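Structural features, examined
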Amino acid sequence: MAKIISAKTHTSGIALGGIGSGSVELMPDGEFHYWLVANQPRITESCCEAKVDDGEGSTGALSFWVRESKADGKPIVRKLGMKTEADDFTYRMFAWNKPVEQIEFDGRFPLCELNYVDSALSCKLKLKAVSPFVPHNSDVSSTPGFYMDFTVENPTDSNLDISLLGSLVPDFANKKEGNKNTLHKIGDGVGVHIEAAKSTKSPSCGNLCLSVGGEGEKSYITADYYRFMREYIAESKFGVSQESLLFVFREKGSLPNSKVGSVPGAIPANFVMLSERKLDALCEEYLQYPFAQSIISRIRYCNPDFPSSRKDKIAFLGCCLRQLFKIGKDFGGCALCSELTLKPGEKKNVRFILTWYFPNSFDKKGEKLGHYYEKLYKDSLEANRYLSDNYDSIFKSATDFADLLYSTDLPSIYPDAWSSNLSPLVKSSVYLKNGNFGLWEGLGFCGLHTTDITYHASYSLISLFPDLQKKQMKMGAEFQREDGRVHHLFKPDMKRTDKGFDRVDMNMQFVLMVLRDYLFSGDRNYLVSLWGNVKKAMDSIEALDTDGDGLPDYDTKRNTYDAWNFSGTPTYISVLWLAALKAAALMADRVGEKSRSDKWNGILEKGKKSLEEKLWNGEYYNLWRNSDVTDESLMTDQLDGEWFLRMMGIGGNISDERVGKVIDCIFRNNFDKEQGLVNATLPENRKTTVHTFKNCQAEAVWTGISYAFSALALSVGHNEISDTVVGSVHNNQLRLGHFWDHWECGHHYTRPMSSWSTLIAASGMKVDYEKKKLSFSPMKKNITFPLVLPGILARVTVNDGTYSAECIKGNLSDWEITVE
């Protein structure tokens, strides 16, 4: 019997598309999944129970095939994806339409590289699928589309004829309106623009454009019925046949160059009574459609003159009429093909581009929100032409960035963590026409620009797209309450927030992010514009210190661990408060408010002393203390504020020795090699409380917290601990088949974007962009790592205290750079 070894199927991939523009997910099976381009309800309404209509279909809305032929044999056709559903094609009866034997998938955001392996194919075939992700250019990066760049090579000593076919069946779009397609010249190739046959306000009413360029002779089907683009059985007085564009492709290696783009005219019930002229006209019209051409080509093989008589024409139209009943009304799929001849050793490229445009995004009240990309392009055709015309620069920028992230001699788990957790910038982002920008907490779950999640997730965002991070922050500041409390999250329209102002950690996180954004971008105007909000946020938390010891002790229950209530003076809140005091005092110095700086520095010194006296137990800081009641649980995230201070480069409030001791204790007690780093445990002979004991969040692993902990460990030289924890996250995500999809509250959760902080910690980077000062204190003497700052991309090498920097973008010549 057949011996089959099964492994976990990977059900996540890299999101392809533009920032805030929608996306398609290319997975290791070679298929394009989860079409989030047409304003799905979950994304526009934040309804956790709403079904996401991914529009994928069984085989896929977008699919590719390769055909190879030699002079001495029959053509070989392979599907470049693993899904083979009988509803789409009778694969088992026509087994020549096989998927390739293997796909080697290498995902390095924003790039997916696929190597197709099949023992029957002589050619070597690879795909690079790339989002238009250009660091520091948010307009280009929000283009709604992506590239699919195929490279085919002939390693044999004889010529090979190769054809590549791409088929688009957008069954998620224009369901009520129908499609009308038009053929266009795009760059050095052709493209099909799929539009709604009539314009409505339906969210799924819009347009798409698929183009093919690069080398090879192009052919096309501008439009046809969806079933013909897949497969159906034709029955008539002429017999029964299996019909599909794939039979045409297999036979000829090309498409029939049909330009018709609208549904054919109706065949009247009394068509047998039509005049000869009208009968001829109707036959001529239908013969322009590939589905009809396929049927008549079979008849003509036996009867070359068909249809020559009136009887033949009536029979042909009767046959077409019968097929229309079978294949339904879904019309507007398209297909593009590039046909190549490769000499021995020759390599050629074929480029497909997909773009989309669905402007009908509305809020719950029916007010139109729209997408930012509407300000850049008038439709998907224009967006496609833009990507085609600027292919050289955009494709290179995106792939160079993917390569840069792996330009390090650190273990591969680190660049994998930096890269994989950038995918939410495309997958989980919303960018409205009015310029409001936000990242979902979890895709379609909770809300947008959730302060306590942005806090962990935004180190990469401020480095890559500082304008977007600052937009989020300014938008949030507008909703600060009069009492100084900072917003929790925004609803999908980004006009409203929830009522989560009671989460006490968010004020400190807001203050810390304002300073970090300023230091990383050098934008003094940004700092000044939010300075009033910073003061209100600080005054609000200062009021929670009822005993004057420099630490909050009142109303400290609610925080980012929203199912886990604290009490009295929690360490997590206290360390955040001390961090915010240090950050706020520095900002006060920069804006010239010395009195504020002196006041906050005074509270900081008092609070640091109280932290040790009230919460340190000799091994770690207790979870919280409220009068004579203490919860001695060991929280992994207890030094979260210390992590943020160190990552933004101003140094911590707690000594390296003390931080190292806490890191060791947490790792020894809270790390489980089977599970990872849990959020809290109760060490032996310690006391806890009912709100903590076996709490669902205390016992869970939050990968975003694991990454932050690892970065803090690196900052005090505990490299092996960091390697172990980051490796655990890496391995668990792989074993669960969700490498690019972290779960906390919803899929594609954004807190794990904190993985970027391990890059900062490994390099020991400190930056003051306004003063053009940059320093490194790397985790080891000899190291190479990527440097990513606003306007700057570089590859940095440090050897025994000296550095060299190869700038890919920007210039460091006028910077003061030191290595500690």
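Thresholds, definitions, all that
Residues numbered from 1 in each chain as written. Predicted model: local features only at pLDDT ≥ 70, side-chain atom pairs only at ≥ 80, totals over all residues. Heavy atoms only, no water. Helix = DSSP H or I, 4+ residues; strand = E, 2+ residues; numbered from the N terminus. Rg over C-alpha atoms; globule rule 2.2 N^0.38 Å. Buried < 20%, exposed > 50% of the residue type's maximum accessible area, 1.4 Å probe, protein only. Contact = heavy atoms within 4.5 Å. Lys, Arg positive; Asp, Glu negative; His and termini not counted. Charge placed at Lys NZ, Arg CZ, Asp CG, Glu CD. Core = buried A, V, L, I, M, F, W, Y, C linked by side-chain atoms within 4.5 Å. Salt bridge = Lys/Arg side-chain N within 4 Å of Asp/Glu carboxyl O. pLDDT = per-residue confidence, 0-100. Pairing = 2+ DSSP bridges. Axes fitted to C-alpha atoms, helices over the stretch in contact; angles between N-to-C directions. Parallel < 35°, antiparallel > 145°, perpendicular 65-115°, else oblique. Nonpolar A, V, L, I, M, F, W, Y, C, P; charged D, E, K, R; others polar. 1 Å grid on protein atoms, 1.4 Å probe; cavity = no way out; pocket = protein on both sides within 12 Å on 5 of 7 lines; lining within 4 Å. Points joined across faces, edges and corners; volume = space filled by probe spheres on them. Phe/Tyr/Trp six-rings, centres within 6.5 Å; stacked < 30°, edge-to-face > 60°. Lys NZ or Arg CZ within 6 Å of the ring centre and 35° of its normal.

A separate point is the overall build of the protein chain. Per the secondary structure count, the protein chain includes 23 helices and 35 strands. By the compact-globule yardstick of 28 Å for 820 residues, the protein chain fits well, its C-alpha radius of gyration being 30 Å. Expressed along its principal axes, the backbone C-alpha trace of the protein chain runs to roughly 100 × 60 × 60 Å. Counting the 820 residues in the protein chain, one finds 62% classified as buried. Taking the contacts inside the protein chain whose residues are at least 6 apart along the sequence as the reference set, 68% of them involve residues at least 24 apart. Charge separation in the protein chain, taken as the distance between the mean sites of 96 positive and 105 negative side-chain charges, equals 4 Å.

Our next topic: the nonpolar core. Of all hydrophobic cores here, the largest spans 193 residues; its most connected members are M148 and M648. Of the residues forming this core, the biggest block, 14 residues, is contributed by helix α17 (residues 571–591). Core analysis: the second largest hydrophobic core is formed by 45 residues, Y91, L274, F291 and I299 among them.

This paragraph deals with the pattern of salt bridges. For the coordinates displayed, the defined rule picks out 43 salt bridges. Here R230 ties to D88 by a salt bridge, and the two come within 3.5 Å at their closest N and O atoms. Here the residue R230 occupies a position in helix α3 (residues 226–230), and D88 occupies one in the loop between β5 (76–79) and β6 (98–99), the gap between them amounting to 142 residues. Neither residue differs from the other here; R230 and D88 are each classed as buried. Across the pair E642 and R646 runs a salt bridge whose closest N-O atoms are separated by 3.1 Å. With a gap of four residues between them, E642 and R646 both fall in helix α19 (residues 640–647), about one helical turn apart. As far as burial versus exposure is concerned, E642 and R646 are alike and both buried. Several salt bridges converge on common partners, so that one network encompasses D106, R108, E113 and D403.

Considering the arrangement of structural elements, one finds D416 in helix α10 (residues 413–420). On the accessibility criterion, D416 (16% relative accessible area) is buried. Separated by 121 residues in sequence, D416 and I295 have C-alpha atoms that sit 51 Å apart. Aside from chain neighbours lying at most four places away, what touches D416 is Y406, H730 and F739.

Summary statistics for the protein chain give a mean pLDDT of 95 and a share of 98% for residues scoring 70 or more. In the model, residues 47–53 has pLDDT below 50 throughout and makes 14 contacts with residues more than four positions away in sequence or in other chains.

Moving on: the sheet that holds strand β10 (residues 145–153). Each strand in a sheet pairs with another by means of backbone hydrogen bonds, the pair being arranged parallel or else antiparallel. Taken in spatial order, the eight strands make up an open sheet running β7-β8-β9-β10-β19-β14-β13-β12, and their pairing is antiparallel. At either end of the open sheet lies a strand with only one pairing partner, and these are β7 (102–108) and β12 (179–186). Here the average twist between neighbouring strands, direction ignored, is 15 degrees. Here strand β9 (residues 124–130) pairs with β10 via seven bridges, running antiparallel. Across the sheet, L125 pairs through a bridge with V152, a residue of β10. In the packing of helix α8 (residues 380–389) onto the sheet, contacts are made with β10, β12, β13 (189–196), β14 (207–214) and β19 (347–357), and the angle to β19 comes to roughly 150 degrees. Strand contacts of helix α9 (residues 391–405): β7, β8 (111–117), β9, β10 and β19, with the helix running at about 85 degrees to β10, the strand carrying the most contacts.

Between helix α21 (residues 703–715) and helix α23 (residues 756–763), the least distance of the axes is 8 Å, while the angle of their chain directions is 0 degrees. On the basis of their axis angle, the class for α21 and α23 is roughly parallel. Of the residues in α23, those in contact with Y707, A708, S710, A711, L714 and S715 of α21 are S757, T758, A761 and A762. Here the contact of α21 with α23 is built from residues that sort into six nonpolar, four polar and no charged.

Spatial ordering of the open sheet is given by β32-β33-β34, a layout of three strands whose pairing is antiparallel. A single partner strand is all that each edge strand has here, and the edge strands are β32 (783–789) and β34 (802–809). With strand direction ignored, the average angle separating the axes of adjacent strands in the sheet is 25 degrees. Bridge count for strand β33 (residues 792–799) against β34 is seven bridges, and the pairing is antiparallel. Following the sheet pairing, N799 is matched in β34 by T802.

Quick look at the layout of surface pockets now. Of the pockets and cavities examined, the largest pocket occupies roughly 430 Å³. In terms of lining residues, the largest pocket is bounded by 19 residues, among which V248, E251, Q293, S294 and S297 are the most central. At the level of elements, β17 (239–243), α4 (245–252) and α6 (290–302) are the ones that each hand at least two residues to the lining of the largest pocket. If one sorts the elements of the lining of the largest pocket by residue count, α6 sits on top with eight residues. Residues of the lining of the largest pocket, tallied by class, amount to nine nonpolar, five polar and five charged.

Next up on the list: the environment of T571. Secondary-structure assignment places T571 in helix α17. By relative accessible area, T571 is classed as buried at 1%. What T571 contacts, discounting residues up to four positions off in sequence, is L615, Y621, N622, L623 and Q638.

Applying the stated criterion across every chain, the model contains 50 aromatic pairs. Ring centres of F109 and F133 lie 4.9 Å apart, and the angle between their planes is 80 degrees; on these two criteria the pair is classed as edge-to-face. Of this pair, F109 sits in the loop between β7 and β8 while F133 sits in the loop between β9 and α2 (138–141), placing them 24 residues apart in sequence. Taking the relative accessible area as the measure of exposure, F109 reaches 0% and is therefore buried. For F133, a relative accessible area of 1% puts it in the buried group. A ring pair is formed by F479 and F490, whose centres lie 5.0 Å apart and whose planes are at 90 degrees; its orientation type is edge-to-face. Placement of F479 in the loop between α14 (466–477) and α15 (505–521) and of F490 in the loop between α14 and α15 is noted, with a sequence separation of 11 residues between them. Using a relative accessible area of 0% as the deciding quantity, one classes F490 as buried. Each member of the aromatic cluster is reached from another via a ring pair, and the members are F32, F64, F146, F150, F352 and W356. Across the ring face of Y406, the terminal group of R108 is positioned such that the distance to the ring centre comes to 5.6 Å.

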